[in-house]
Every structure is written in structure tokens, then in C-alpha cells.
Amino acid sequence: MDDIDQTLESLKVQIKKEIIDHYFAERVFIEEEIQVLQAEVKEYHEEAARTSRRFLALYQGLGSEAAVARVMQLLSLTEWPFYEEFLGLPPADREKLLQGRARRGFTAWRRFRNLIFDLYEELQQHLQALQEKYRKITIHLELINEDVVKFNSSFDFGLIAAQMEALEGGGEVISGGLLSTEREELSTRMRFKRQKLTEEELPLLPVLPPLERIKGQLSSVLEVCAS
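In what follows, the accompanying structure is described. (Residues numbered from 1 in each chain as written. Predicted model: local features only at pLDDT ≥ 70, side-chain atom pairs only at ≥ 80, totals over all residues. Heavy atoms only, no water.)

Glancing now at unusual backbone geometry. We note that Ser76 has phi near 60°; this positive angle belongs to a residue other than glycine. Inspection of the secondary structure puts Ser76 in the loop between helix 2 (65–74) and helix 3 (83–87). Owing to a relative accessible area of 61%, Ser76 belongs among the exposed residues under this scheme. Despite not being glycine, Phe82 has its phi angle at roughly 65°, a positive value. Mapping Phe82 onto the fold places it in the loop between helix 2 and helix 3. Overall, the relative accessible area of 27% leaves Phe82 in the partly exposed class. (Helix = DSSP H or I, 4+ residues; strand = E, 2+ residues; numbered from the N terminus. Buried < 20%, exposed > 50% of the residue type's maximum accessible area, 1.4 Å probe, protein only.)

See below:
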């Protein structure tokens, strides 16, 4: 083999290496992003699960179904989140929902009102933080799927195999060769699937107005409940 042949051979090896390195670098990047997304979804799901206890505590603080109905109407919530779960709790477990909570106020009415204000504000802020996490996850999901589409169009295995064969002058890319059906099957298996999240994986929880915005209205509703 003369110098020119050696140079051409080295060049072919370098080109193949760059193709393969670029392919795997992009593949690893997407795989890592999918893992990050899965961790974000897991964290969100755990936070969403803790939301139920905050709603249950609010229901217990309100003290009656009639009071719950009035507050849910004020909040324009036709469905009462986790209320069926609340109804299924034994009385002793309901009592524990408010265990250790300070009761501020000199009268029973003020203690009741301040308790509901505290419970509502904690719930509202928790839901607001979850909404922001939900927004970031959906944006991340969209960006990953854009990368998936780009990867699948840029790194078609059949096209890569054809490029490698062309560099080899039509020789076999993989020892033993691949039939067209085998290559097509392998190409399909190596493609990324678009990522999807179900409502169960990423539940969308209601967003509540800040306490300051409804404080007067809520106080009036609570006054009726307490009378």
C-alpha cells in the first residue's frame, strides 16, 4: 500500500469515527435528557400526592359539607379535589389532619377564620409552585421531542450504513452483512420514540387565587358557615 492509499484509508477511518462519535454523542444527550425528565416527573408526582393532605386538612378545618360546598363555590371548583378520599377517612384520622396547628385569635370565630386562612394560603402557594413545575416539565417534554425528531431524521441507521458502505466501496459495514429487512428492523429499533406523559403521570391540579384577592369574600363565606 503506497502513501496515497494509506492516507485515503486513514481518512476513511477518521470519517467513520466522526460519524459514529457524533451519533452516540447525540444519542447519549437525548437519553440523559429523558432521564432528567423522568426524575422531574417523579418529583412532581410526589409533590402532587402531598397536595391531597392539604385539601383534606382544609375540609377538616371547614367542619361540614355545607361549609366545603360554599368555599368550593367561591373558588369555582365544581369538583372537590380529593373529597372522596376525605369521606373515606375514619374520624380519628381526620382529627390528625389538624394536629399541632396553632389556633390564633381571642374568639372562636377568629380562631376558625385564621385557621382556614392559614390552610388556604398554604394550599394555594403549594399549588402555585406545582403549576410552575408543571409548566417547566411540559416545556422540557416539548424540547426533548424536538430533539427526537431531529435525531431520527439526521441519524437514520439505513443512511448511516449506506454512507459506511460507500466509504468501503460497497463492502459490508458489519461483519456478516445485513439483509435489507434486518437493516430496516434495526433502524426502527434504534430510533427514539416521542416522549408522552399521561394525565396519571402528570396530573393537572387546580390553580387557586391568592388569599389576598379573595380574603374579604372568603371571610364573608366563613362567617355564614360559622353562624
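Here the narrative resumes, following the displayed structure.
At a minimum axis separation of 10 Å, helix 2 and helix 8 (residues 211–226) run at an interaxial angle of 165°. For the element pair helix 2 / helix 8, the angle class is roughly antiparallel. Here helix 2 runs over helix 8; the crossing is right-handed. Residue-level contacts link Ala67, Arg70, Val71 and Leu74 of helix 2 to Gln217, Leu218, Val221, Leu222, Val224 and Cys225 of helix 8. Its residues placed into classes, the contact of helix 2 with helix 8 shows 8 nonpolar, 1 polar and 1 charged. (Axes fitted to C-alpha atoms, helices over the stretch in contact; angles between N-to-C directions. Parallel < 35°, antiparallel > 145°, perpendicular 65-115°, else oblique. Left-handed = near helix turned anticlockwise from the far one by under 90°. Contact = heavy atoms within 4.5 Å. Nonpolar A, V, L, I, M, F, W, Y, C, P; charged D, E, K, R; others polar.)

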